[in-house]
Amino acid sequence: MLRVGSSAACVACRSLVSNNMGVKFRIPLQKLHPLSRAIHHRYSGNNNPHRTPHRTAARYFTSMSRLPMRPLKPPPGSGGHRHHQQRNFWVARLAARLLRLRYILLGTAVGGGYTAKKTYEEWKDMLPDFSEYNWVIPDFVWELSEHIDLDKLAKALPEMEEIAKLLPDFEKIGENFTFLKGLLSSGVSLGSEVKGASGLHLLESSGDPALKATDSSTGAAHDASDKQYKKSSDREKVDQLQEELLRTQLKYQRMLERLEKENKELRKVVLQKDDKGIHQRKVKKSLIDLYSEVLDILSDYDSNYNTQDHLPRVVVVGDQSAGKTSVLEMIAQARIFPRGSGEMMTRSPVKVTLSEGPHHVAMFKDSGREFDLSKEEDLAALRHEIELRMRKSVKEGQTVSSETISLNVKGPGIQRMVLVDLPGVISTVTTGMASDTKETIFSMSKAYMQNPNAIILCIQDGSVDAERSIVTDLVSQMDPQGRRTIFVLTKVDLAEKNLASPGRIQQIVEGRLFPMKALGYFAVVTGKGSSGESIDAIKDYEEDFFQNSRLLRDGMLKAHQVTTKNLSLAVSDCFWKMVRESVEQQADVFKASRFNLETEWKNNYPRLRELDRNELFEKAKNEILDEVISLSQVTPQLWESILQKKLWERVSTHVIENIYLPAAQTMDSGTFNTTIDIKLKQWTDKQLPHKALEVAWETLQEEFARFMAEYKGKDQDDIFDKLKEAVKDESIKRHKWNERAMDSLRVIQHNTLEDRSITDKPQWDAAIQFMEETLQSRLKDNESVIRDMVGPDWKERWLKWVNRTPEQHIRNETKNELDRLLKLHDDHTAYLASDEVTTVRKNLEGRGVEVDPVLIKDTWHQLYRRHFLQKALTHCSLCKRGFYYYQRHFVDSELECNDVVLFWRIQRMLVITANTLRQQLTNTEVRRLEKNVKEVLDDFGEDLEKKTQLITGRRVQLAEDLKKVREIQEKLEAFIEALHKEK
């Protein structure tokens, strides 16, 4: 037999379980109060102790909820002779239950006063056995018995005068029963009025053979008198009977509601005391909060090794605009979700953890802000925050997201459970939606529902045709036996108003219209459709609707199947039952997974610590910062050497081709110096500073990359290579050179190039050496160009068996002709005259070689360049002894070494520029680069996706899985321990 009265059950929920599972509640007559037994025997007409009308009464009280119960319906075939027995049974049942309630509660109050000074365990041992009375006492009274103000609770109970007022007119009810049974015995059809009498329906379904025998034995005595009534007054009598029963039920309803309200206030006071720490004990996390933390960790865990998340959740699914969110808000008792008119508002899964607390508040998992749900401004801010998070989670080009938003809601009287609200299932993709929106929602819903322990809360819009529903087919596919599905029909008020046949609603709620099966079926009303309605107003509207609805009055719906309160109680009970059945099995699965992962790590990485991705990133971050600091340890001599070499490689071509050669072809020293000064000034104004900064920036990048790539010890890990490369590239990309550096560098370079005074012989010799090296390098390059133009010489042709191409043959003939011209005119200018080009071409044609004038000029340019460089090198050798003449300003045509002075100026400019750039690097740019690297590392550290891309490999994934599995297992074990303690 199922135990009723557990911490998750209530009157309405036990009614659901008893109706669905066939559980019967039996209270022995001997355990009734003596006064109750006396009243029972007095009104039952005999003293037979074996008659048990209290069984039927227990079933009647068990199914009583906040809504009025249906009128009783007599069993078919019974006669009017049962009037006397029915009246006696009604009185016995009512008096027994009311006196028992008062006896239990007042007895508890007296016992509590007597044992106030005893310890909790002693007091608990002295308590009487209330296991038979759990059905009438609220669950949390047992849990908080040490905190209950018993005097206040006793005062809240009705006095005898109030009970007397609540008692119906038994004589009148007896007459009505006599009349009704007479109609049944005479064969008069009462139609739908008799079908609406739910109380008699309970009598019929109780299956008590003693009652049936008594009814049949007393029915014959009243047959004759019942036939005297006329059919014209039959309907009026039946209506009066129904109204009298409903009024009686309403009185009981109000009394129970008042007791429930005061119990709720008492519970709130106790929770507030605990919250303030009055009992001087550490407040632990609630059971549902522990469970929610496990689910949060699992949502981020990438399932591997056949380890899947099978922990229970309540998955809320339904067609778009079916009222899913409204049902969830009624369960949470707050309007917490964004709302719109017909448009899709739920764009990502929202996990809502509901728990009991002294204050009605909400909080996101990743935020410390607490929203007071009793204040409208906080409610509006919460709805806005949820909408922002949903839109942020949706990627560009998509309509919905699979990223879960976690929200905790606490408040007095809220049922503990975890619900996941999913986007509504759609049948058509409309304008503005991504083309795969329908398939994405389907796959997302299936992913949540395929969990074998997920409780599916299937929401169906009752105001539209049932055939338009899509979600019922989807749910029936995922749970074909209906073992974990609860069906909810919303907007029943509109359905009753719009449907021509209310019986269709009965078919839906009884599970006969859809092929889908379910554990239970519920009908709810979630307001009039206005977004500004409060939860209290919606509750009042829902209760008023069902109290006046013919669906309940005519027996199409049962009392335990209506209102969101009954729904939340049933869902919570089902949720905790599923949790208790599955959580230990899931803990064992993760324990086995942990063993497998640890074994793989020991076999593959025995000497390495199990560092997850975040820990590896911190280690790499320290290494990179150490390598950046190494830049400041580069010696000034090394910086200047690298900068000077790279700068000359960058500007040498311009110096030779655009400055030196044009000036060297002039006829006198004055023109040479004038040309040099003009060209150097143009160079420093436009190109030289910019080129110098480019060289410095490239040098810094190369040195930075070199330090990043070097391995200085065994602790270096190649798993960081991708991360280091990304940090280097991003840091260089963000780095901006100091804007004022170019202006100061331009001034320094201009002043340096204006100086012509060589102070000593070593500087003169260094300039000559620099000039010789430069000219020899250019001559070597020139010889290579000429050799490519004319092809291999005779030695190569004979030794390597290669031949000239036709073009190379023409080039070679042209070269030979131009060489003869240079021998004849050793001081020839850099350009050929037109008549000279014609002469060369005719001479070649005379030897049978057709040549183009452009080819002649191009060949001449390379030959004259070689001729000039050879002469310049010869002159450079002569100038080695020319420092004496330069120092005394002697004029000697053979030793006018102005070109040596030019190369000295260039060389000095390179030295001073390299020194200036080195100072900028070490004093400013290296530090700015180090700052950029830190910023990049900080940004990467906050970007989980970036870290996942840059730190990869089996070793990383294995460490990540190990950390997650251990954390999940520890959380599950803590939850299981708390769960056992609560039992």
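Residues numbered from 1 in each chain as written. Predicted model: local features only at pLDDT ≥ 70, side-chain atom pairs only at ≥ 80, totals over all residues. Heavy atoms only, no water.

**Q** Which residues make up the pattern of salt bridges, and what values do they have?
**A** Applying the stated criterion across every chain yields a total of 48 salt bridges. Glu329 is the salt-bridge partner of Arg335, the closest N and O atoms lying 2.8 Å from each other. Taken individually, Arg335 and Glu329 each receive the classification buried, so the pair is uniform in this respect. A salt bridge links Glu387 to Arg391; its shortest N-O distance comes to 3.4 Å. Of this pair, Glu387 and Arg391 are both found in helix α17 (residues 376-393), four residues apart, which corresponds to roughly one turn of the helix. On the accessibility criterion, Glu387 (26% relative accessible area) is partly exposed. For Arg391, a relative accessible area of 45% corresponds to the partly exposed category. Among the charged side chains, a salt-bridge network with shared partners connects Arg594, Glu598, Glu610 and Arg966. (Salt bridge = Lys/Arg side-chain N within 4 Å of Asp/Glu carboxyl O. Buried < 20%, exposed > 50% of the residue type's maximum accessible area, 1.4 Å probe, protein only. Helix = DSSP H or I, 4+ residues; strand = E, 2+ residues; numbered from the N terminus.)

**Q** Any details on the environment of Ala570? Residues and values, ideally.
**A** Looking at the secondary structure, you find Ala570 in helix α24 (residues 564-604). By relative accessible area, Ala570 is classed as buried at 5%. Between the alpha carbons of Ala570 and Gln415 there is a distance of 9.8 Å; along the sequence they are 155 residues apart.

**Q** For the sheet that holds strand β6 (residues 417-421), give the residues involved together with the corresponding values.
**A** Taking strand neighbours across the sheet as the criterion, the nine strands line up as β4-β3-β5-β2-β6-β1-β7-β8-β9 in an open arrangement whose pairing is mixed. Each edge of the sheet is formed by a strand with only one pairing partner; in this case those strands are β4 (371-372) and β9 (520-523). Pairing analysis gives five bridges linking strand β2 (residues 350-356) to β6, with the strands arranged antiparallel. Residue pairing across strands places Leu354 opposite Met417, the latter belonging to β6. Where helix α16 (residues 324-332) meets the sheet, its contacts fall on β1 (314-318), β2, β5 (405-411), β6, β7 (455-461) and β8 (485-490), and the angle it forms with β6 comes to roughly 160 degrees. (Pairing = 2+ DSSP bridges. Contact = heavy atoms within 4.5 Å. Axes fitted to C-alpha atoms, helices over the stretch in contact; angles between N-to-C directions.)

**Q** Summarise the nonpolar core; cite the residues concerned and give the values.
**A** Membership of the largest hydrophobic core comes to 96 residues, with the highest contact counts inside it found for Tyr660, Trp683, Leu700, Leu723, Trp764 and Ile906. If you tally residues by element for this core, the top one is helix α37 (residues 898-942), at 17 residues. Those residues in contact with Ile906, other than ones at most four positions away along the chain, are Trp648, Val655, Leu680, Trp683, Leu753 and Phe770. Ranked by size, the runner-up nonpolar core spans 67 residues in total, among them Leu295, Val316, Ile386 and Ile459. (Core = buried A, V, L, I, M, F, W, Y, C linked by side-chain atoms within 4.5 Å.)

**Q** Summarise the confidence of the model for the chain; cite the residues concerned and give the values.
**A** Of all residues in the chain, 68% have pLDDT values of 70 or greater, and the mean over the chain is 75. pLDDT under 50 marks residues 126-148. Its contacts with residues more than four places away, or in other chains, come to 48 contacts. When the criterion is pLDDT under 50, residues 276-283 qualifies, and its contacts beyond four places in sequence or with other chains add up to five contacts. (pLDDT = per-residue confidence, 0-100.)

**Q** Tell me what's going on with the pairing of β7, and back it up with residues and numbers.
**A** A large share of β7 lies buried, amounting to seven of its seven residues. Across five bridges, the pairing between β1 and β7 is parallel. Its bridge partner lying in β7, Val317 is registered against Cys458.

**Q** Before we move on, can you summarise a nonpolar patch on the surface with the specific residues and values?
**A** Among the surface-exposed residues, Trp794, Trp798 and Leu799 lie close enough to one another that they form a single nonpolar patch of about 480 Å² accessible area. Mapped onto the elements of the fold, Leu799 is located in helix α32 (residues 794-800). The class for Leu799 is exposed, based on a relative accessible area of 70%. (Patch = residues over 30% accessible without salt bridge, like charges linked within 9 Å, V, L, I, M, F, W, Y side chains within 5 Å. Areas by Shrake-Rupley, 256 points an atom, 1.4 Å probe, with all protein chains shown as cover.)

**Q** Quick one: what's the story with the state of the cysteines, residue by residue and with numbers?
**A** Applying the stated criterion across every chain, the model contains one disulfide. The side chain of Cys879 participates in a disulfide bridge whose partner is Cys897; the two sulfur atoms lie 2.0 Å from each other. Looking along the S-S bond of the Cys879-Cys897 disulfide, the torsion reads about -100 degrees, which is the left-handed sense. Note that Cys879 is positioned in the loop between α35 (853-878) and α36 (883-887) and Cys897 in the loop between α36 and α37, a separation of 18 residues in sequence. (Disulfide = S-S within 2.5 Å.)

**Q** Lay out the packing of helix α25 (residues 613-629) against α37 in plain terms, naming residues and giving numbers.
**A** Close contact between α25 and α37 brings their axes to 10 Å; oriented N to C, the two are set at 170 degrees. Our classification of the angle between α25 and α37 gives roughly antiparallel. Listed contacts from α37 to Phe617, Lys621, Ile624, Leu625, Val628 and Ile629 of α25 are Glu930, Val933, Lys934, Leu937, Asp938, Phe940 and Gly941. Residue composition of the contact of α25 with α37, grouped by class: eight nonpolar, one polar and four charged. (Parallel < 35°, antiparallel > 145°, perpendicular 65-115°, else oblique. Nonpolar A, V, L, I, M, F, W, Y, C, P; charged D, E, K, R; others polar.)

**Q** So what's going on with unusual backbone geometry? Which residues, and what values?
**A** For Lys491, which is not glycine, the phi dihedral falls at a positive 55 degrees. Tracing the backbone through its elements, the reader meets Lys491 in the loop between β8 and α20 (492-498). Residue class for Lys491 comes out partly exposed when judged on its relative accessible area of 22%. Backbone geometry places Thr563, a non-glycine residue, at a positive phi of 80 degrees.

**Q** Report on the packing of aromatic side chains, specifying residues and quantitative values.
**A** Using the criterion set out here, one finds 16 aromatic pairs in the structure. Measuring from ring centre to ring centre gives 6.3 Å for Trp697 and Trp737, while their planes differ by 70 degrees; the resulting arrangement is edge-to-face. Here the residue Trp697 occupies a position in helix α28 (residues 688-709), and Trp737 occupies one in the loop between α29 (721-734) and α30 (740-754), the gap between them amounting to 40 residues. On the basis of relative accessible area, Trp737 is assigned to the buried category, the value being 16%. Taking the centre distance of 6.3 Å and the plane angle of 35 degrees together, the rings of Phe883 and Tyr886 count as tilted. Of this pair, Phe883 and Tyr886 are both found in helix α36, three residues apart, which corresponds to roughly one turn of the helix. For Tyr886, a relative accessible area of 24% corresponds to the partly exposed category. Through a chain of ring-to-ring contacts, three or more aromatic side chains come together here, namely Trp648, Tyr660, Phe770, Phe868 and Phe903. Positioned above the aromatic ring of Phe364, the side-chain terminus of Arg389 is 4.0 Å from the ring centre. (Phe/Tyr/Trp six-rings, centres within 6.5 Å; stacked < 30°, edge-to-face > 60°. Lys NZ or Arg CZ within 6 Å of the ring centre and 35° of its normal.)

**Q** Run through α17, naming residues and quoting values.
**A** In this model α17 runs 26 Å from its N-terminal to its C-terminal C-alpha over 18 residues, within 8% of the 26 Å that 1.5 Å per residue would give. Those residues of α17 that sit buried are Asp378, Leu379, Leu382, Arg383, Ile386, Met390 and Ser393. Relative to the axis of α17, the buried residues are bounded by an arc of 140 degrees and lie together on one face. Relative to its buried face, α17 has exposed residues pointing more than 90 degrees away, namely Glu377 and Lys392. Against the buried residues of α17 lie β2, β3 (361-364), β4 and β5. (Expected span 1.5 Å × (residues − 1). Arc of directions from axis to C-beta.)

**Q** Tell me about the packing of helix α31 (residues 761-790) against α35, and please be specific about residues and values.
**A** Put simply, α31 and α35 touch, their axes get as near as 9 Å, and they point 155 degrees apart. Taken together, the axes of α31 and α35 lie roughly antiparallel to each other. The two elements α31 and α35 meet at a crossing, and its hand is left-handed. For the pair α31 and α35, contact is made by Ile768, Met771, Glu772, Leu775, Gln776, Arg778, Leu779, Asn782, Glu783, Val785, Ile786 and Met789 and by Asp858, Thr859, Gln862, Leu863, Arg865, Arg866, Leu869, Gln870, Ala872, Leu873, Cys876 and Ser877, respectively. (Left-handed = near helix turned anticlockwise from the far one by under 90°.)

**Q** Any chance you could break down the pairing of β6 for me, citing the residues and the numbers?
**A** Within β6, five of the five residues are buried, which leaves it mostly tucked inside the rest of the structure. Residues Met417, Leu419 and Asp421 line one face of β6 and the alternating positions Val418 and Val420 line the opposite face, and both faces are buried.

**Q** So, the side chain of Asp296: which residues are in play, and what are the values?
**A** Relative to the elements of secondary structure, Asp296 occurs in helix α15 (residues 287-299). For Asp296, a relative accessible area of 10% puts it in the buried group. For Asp296, the side chain forms a polar contact with the side chain of Ser406, separated by 3.1 Å. Setting aside anything within four residues of it in sequence, one finds Asp296 in contact with Lys351, Lys365 and Ser406. (Polar contact = N/O pair within 3.5 Å; in protein donor to acceptor, adjacent residues only side chain to side chain.)

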